[in-house]
Amino acid sequence: MQIIIIGNSATAVGAIESFREYDQSAEITVVSEEPHLIYSRPLLSHFLGKEIERSRLAYRPSDFYVKHSIRPILEDAVTAVEPEAHTIRTASGLSLHYDKLLICTGGTPIVPPLQGIDIPGIYTFTKLQDALSIERYIDDYPISRAVVVGGGMIGIKAANALMKRGIPLTMVELAPRILSAAMDEAGSAMLTQILAEHSVQVLTNNTVTSIHQSEGRFSGVTLRDGRELGAELLVFGIGVRPRVELAKAAGLVVNKGIVVDKFMRASAPDIYAAGDVAEAYDLVVDMNRTVAIWPNAYRQGAIAGAHMAGVDRADIGGIAMNAVEVCGVPAMSIGNGNVTGSEYEVLSEIDERSQNYKRLVLQNDRLVGALLIGNISRAGIYTGLIRHKLDVSSVRKNLLSEHFGLLSLPDQYRKHVVSGSSIEI
Amino acid sequence: MKKKRIVIHEEYCIGCRLCEVHCLVQHSKSRDIVKAFKEERSSTMARVMVEESGPVSFALQCRQCSESNCLEACISGAMHRDPETGAVVCDESKCVGCWMCIMVCPAGAIRQNLTGTHIASKCDLCYGSAMPACVLNCPNEALTYEEVEVRD
Ligand SMILES: Cc1cc2nc3c(=O)[nH]c(=O)nc-3n(C[C@H](O)[C@H](O)[C@H](O)COP(=O)(O)OP(=O)(O)OC[C@H]3O[C@@H](n4cnc5c(N)ncnc54)[C@H](O)[C@@H]3O)c2cc1C
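Computed from a predicted structure; not experimentally measured.

Before going further, it helps to spend a moment on the domain arrangement of chain A. Residues and elements named next belong to chain A. One can read the domain layout of chain A as domain 1 (2-108 + 241-308), domain 2 (122-238) and domain 3 (336-417). The gap between the C-alpha centroids of domain 1 and domain 3 is 33 Å. If you look at the interface, domain 1 gives 4 residues, while domain 3 gives 5 residues. Both faces considered, domain 1 and domain 3 share a buried interface measuring about 400 Å² in area, 56% of it formed by carbon and sulfur atoms. Per-residue buried area on domain 1 facing domain 3 is highest for L283, V284 and R299; these three make up 88% of the total on that side.

The structure is reproduced here in structure tokens:
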């Protein structure tokens, strides 16, 4: 049997590791446009910030491919998927047959439609090559200020890295507040305050309307409010859009992402899609949607991998969540942590001085979301409650307790967690 | 497949916290109980924690889930399964302290180690030693080390 995986990142590793648990004989080929062996995309900011060496970007040991009998084809892009013929074609002219195909092409960085952005000093921030280019540019030219466009997860991580390099920053966010997809107003305000304390200028309700250049290099921006900023580096950290072009051209059903079932099967026989490019089931919002996070990519990959090997490992669905440190202060957003509305009950606790915030969102006596800033200890217990949709009405008053732990929860649930799956909830 | 795992018996736990003491010692540089507490207290921590509420108490460490959320969520590749024991172990030289694992551990058994470092701290079954320190030093057999069936 021939397995082909398009993309060589989190989803691919999840798929390979799970597939090989069940099947050691099938041939697996991984095709990646990037020239690198599997590396951690989320660590790019740690790398750019010089917290880690380049070698630590490796997400798996270098013998990963040999150990799992994988044939990597690097620096070659898949240009067509032909579902009828069960073949793929690549830019270098290869035509390869597959029995099962996994599309995990991830996302494309979102770049606003601006004139003249193809100049030195302007970069996106989603690939190792981006980090290397930015690094090179910082080494070559003095940077008195950098502009980070986007105050979401990627923007914050880019800002963290540039701050570690000692570069003064302006962050420009179109929405009324930063991290608006993850945080509520109070949470965003606290994180904005933390950034301000570290001399990051945060401009919300604003955007770049034109790019300035001098001697062929980036030299500044004009903002929507008319303000002009001089800067030598601009990083787009807006986010990614699912990279669905290949799937669309192949005639697969695509909404925002590639539509998949609970086994990650796309709409054509023997084709799977998973990770950032797929629209998989989210158990909190109770529908399929794209969520660009590492844990979901790995897990969806593992589900697809198992199914390609003939094993049903469909699970109960993913949860949108993320953890990020903002100037060293940890922040987490889990599920529907930032929603407001009369259908929700909100338990919250804020201490602006110590920069601690917790917001728990309940719906029909179930936890559906959590935000945590500062003290994040035992946060995963909340995630577990969300995943299990446990009725927490009897322990509601314990949920924000200082000593929150498994003993704050119903006995049966505690015993279930402590003893593994042997005891039913 | 059968593997050795730590089993928790809350009915025997009296909350003495000897498990925490000996876990800390085991993970200290000197492995000397006096030195660990007098000199290394700020650079080492226990990976087992006692939860207590009224008469109920129990010692909790990583449950070594078979489909581990922390393994899937780890962005650095630090979390891995030890090929021999099947235990989920954090490679501290790879961990960057992003706290994704803390966000997803349903038992809340992973903690931030901020003692001069910035990494996730969790039970490693004392790296496959015959008997983890917490079990060895529990006076009541509130923790036992037993062969259990795990998915391989
Ligand atoms: C800077 C940054 C920080 C992040 N931080 C976090 C974090 O802290 N936590 C978190 O959970 N998530 C984080 N993420 C998101 C996380 O990286 C993604 O969710 C994850 O990488 C998705 O994995 P994937 O396998 O679906 O796709 P990707 O990682 O996007 O990989 C897709 C691969 O497919 C290749 N490819 C695409 N099309 C083709 C083609 N036609 N032919 C060949 N190859 C192709 C691409 O070049 C790419 O290498 C971050 C992302 C970025 C950019």
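The subject of this paragraph is the sheet that holds strand β7 (residues 100-103) of chain A. All names here are of chain A. The sheet built from 5 strands is open, its strands ordered β3-β2-β1-β7-β19 with parallel pairing. Every other strand in the sheet has two partners, leaving β3 (70-73) and β19 (271-273) as the edge strands with one partner each. Here the strands of the sheet are splayed against their neighbours by 20 degrees on average, with no regard to which way each runs. Strand direction decides the pairing type here: β7 and β19, joined by 3 bridges, are parallel. Of the residues in β19, the one forming a bridge with I103 is A273. Running at roughly 160 degrees to strand β1 (residues 2-6), helix α1 (residues 10-22) makes contact with β1, β2 (27-31), β3 and β7 of the sheet.

Turning to the packing of aromatic side chains, a few remarks are in order. Residue and element names in this part refer to chain A. Applying the stated criterion across every chain, the model contains 5 aromatic pairs over all chains. Ring centres 5.4 Å apart and planes at 90 degrees place the aromatic pair F64 and Y65 in the edge-to-face group. Plain terms: the ring middles of Y137 and Y141 are 4.7 Å apart, the flat faces sit at 45 degrees to each other, and that makes the pair tilted. Residue classification places Y141 among the partly exposed positions, given a relative accessible area of 30%. Aromatic ring contacts, followed pair by pair, group Y123, Y137 and Y141 into a single cluster. Sitting over the ring of Y59, R60 keeps its end group 4.3 Å from the ring centre.

A separate point is the environment of A:S214. Along the polypeptide, A:S214 turns up in strand β13 (residues 208-214). Residue classification places A:S214 among the partly exposed positions, given a relative accessible area of 36%.

Let's shift gears to a negative patch on the surface. Residues and elements named next belong to chain A. A surface patch of like charges, here negative, comprises E349, D351, E352 and E402. Within the secondary structure, E352 is located in the loop between β24 (345-351) and β25 (356-363). E352 gets classed as exposed once you look at its relative accessible area, which sits at 60%.

This paragraph deals with the packing of α1(A) against helix α8 (residues 294-308) of chain A. Residue and element names in this part refer to chain A. With their axes 6 Å apart at the nearest point, α1 and α8 run at an angle of 35 degrees to one another. The handedness of the crossing between α1 and α8 comes out as right-handed. Judged by residue contacts, A10, T11, V13, G14, A15, E17, S18, F19 and Y22 of α1 engage W294, A297, Y298, G301, A302, G305, A306 and M308 from α8. Looking at side-chain class alone, the contact of α1 with α8 contains 11 nonpolar, 5 polar and 1 charged residues.

Residue and element names in this part refer to chain A. Its 13 residues place the ends of helix α6 (residues 185-197) 18 Å apart at the C-alpha level, agreeing with the 18 Å of an ideal helix rising 1.5 Å per residue. G187, S188, M190, L191, I194 and L195 are the residues of α6 that are buried. For α6, the buried positions fall inside an angular range of 160 degrees around the axis, keeping them on one side. At the exit of α6 stands S199, carrying a positive phi of roughly 65 degrees.

On to the sheet that holds strand β9 (residues 122-124) of chain A. Residue and element names in this part refer to chain A. Taken in spatial order, the 5 strands line up as β9-β16-β10-β11-β12 in an open sheet, and their pairing is parallel. With one partner strand each, in any of the chains shown, β9 and β12 (201-203) form the two edges of the open sheet. If you compare each strand with its neighbour and ignore which way they point, the axes differ by 20 degrees on average. Where strand β11 (residues 169-172) lies against β12, 3 bridges are found, and the strand directions are parallel. What sits directly across from M171, in β12, is V202. Helix-sheet contacts for helix α4 (residues 128-140) involve β9 and β16 (233-236), and the interaxial angle to β9 is about 155 degrees.

Taken together, 34 residues surround the ligand, and among them A:S9, A:T11, A:E34, A:R41 and A:K157 come closest. Mapping the residues near the ligand onto chains gives chains A and B. Between an oxygen atom of the ligand and a side-chain N or O atom of A:T11, the distance comes to 2.7 Å. One nitrogen or oxygen atom from the side chain of A:N322 is found 3.2 Å from a nitrogen atom belonging to the ligand. When isolated, the ligand has an accessible area of 990 Å², and the protein chains bury 96% of it. Among the residues forming the shell around the ligand, the class breakdown is 17 nonpolar, 10 polar and 7 charged.

Burial in helix α1 (residues 18-26) of chain B covers these residues: B:C19, B:E20, B:C23, B:L24 and B:V25. Packing partners of the buried residues in α1(B) comprise α2 (33-38), β2 (49-53), β3 (56-60), α6 (133-136) and β8 (143-149) of chain B.

Residue and element names in this part refer to chain B. Topologically, R5 is positioned in strand β1 (residues 2-8). No salt bridge is formed by the buried R5; its nearest oppositely charged neighbour, D82, is found at 8.5 Å. At 3.3 Å, the side chain of R5 forms a polar contact with the backbone oxygen of G86. Not counting residues within four places of it along the chain, the set of residues in contact with R5 comprises Q64, T85, G86, A87, L125, T144, Y145, E146, V148 and V150.

Rules of the game
Residues numbered from 1 in each chain as written. Chains lettered and ligands numbered in written order. Predicted model: local features only at pLDDT ≥ 70, side-chain atom pairs only at ≥ 80, totals over all residues. Heavy atoms only, no water. Domains from an automatic or database assignment. Contact = heavy atoms within 4.5 Å. Buried area = accessible area lost by both parts, 1.4 Å probe. Pairing = 2+ DSSP bridges. Helix = DSSP H or I, 4+ residues; strand = E, 2+ residues; numbered from the N terminus. Axes fitted to C-alpha atoms, helices over the stretch in contact; angles between N-to-C directions. Phe/Tyr/Trp six-rings, centres within 6.5 Å; stacked < 30°, edge-to-face > 60°. Buried < 20%, exposed > 50% of the residue type's maximum accessible area, 1.4 Å probe, protein only. Lys NZ or Arg CZ within 6 Å of the ring centre and 35° of its normal. Patch = residues over 30% accessible without salt bridge, like charges linked within 9 Å, V, L, I, M, F, W, Y side chains within 5 Å. Areas by Shrake-Rupley, 256 points an atom, 1.4 Å probe, with all protein chains shown as cover. Salt bridge = Lys/Arg side-chain N within 4 Å of Asp/Glu carboxyl O. Lys, Arg positive; Asp, Glu negative; His and termini not counted. Charge placed at Lys NZ, Arg CZ, Asp CG, Glu CD. Left-handed = near helix turned anticlockwise from the far one by under 90°. Nonpolar A, V, L, I, M, F, W, Y, C, P; charged D, E, K, R; others polar. Expected span 1.5 Å × (residues − 1). Arc of directions from axis to C-beta. Near = heavy atom within 4 Å. Polar contact = N/O pair within 3.5 Å; in protein donor to acceptor, adjacent residues only side chain to side chain.

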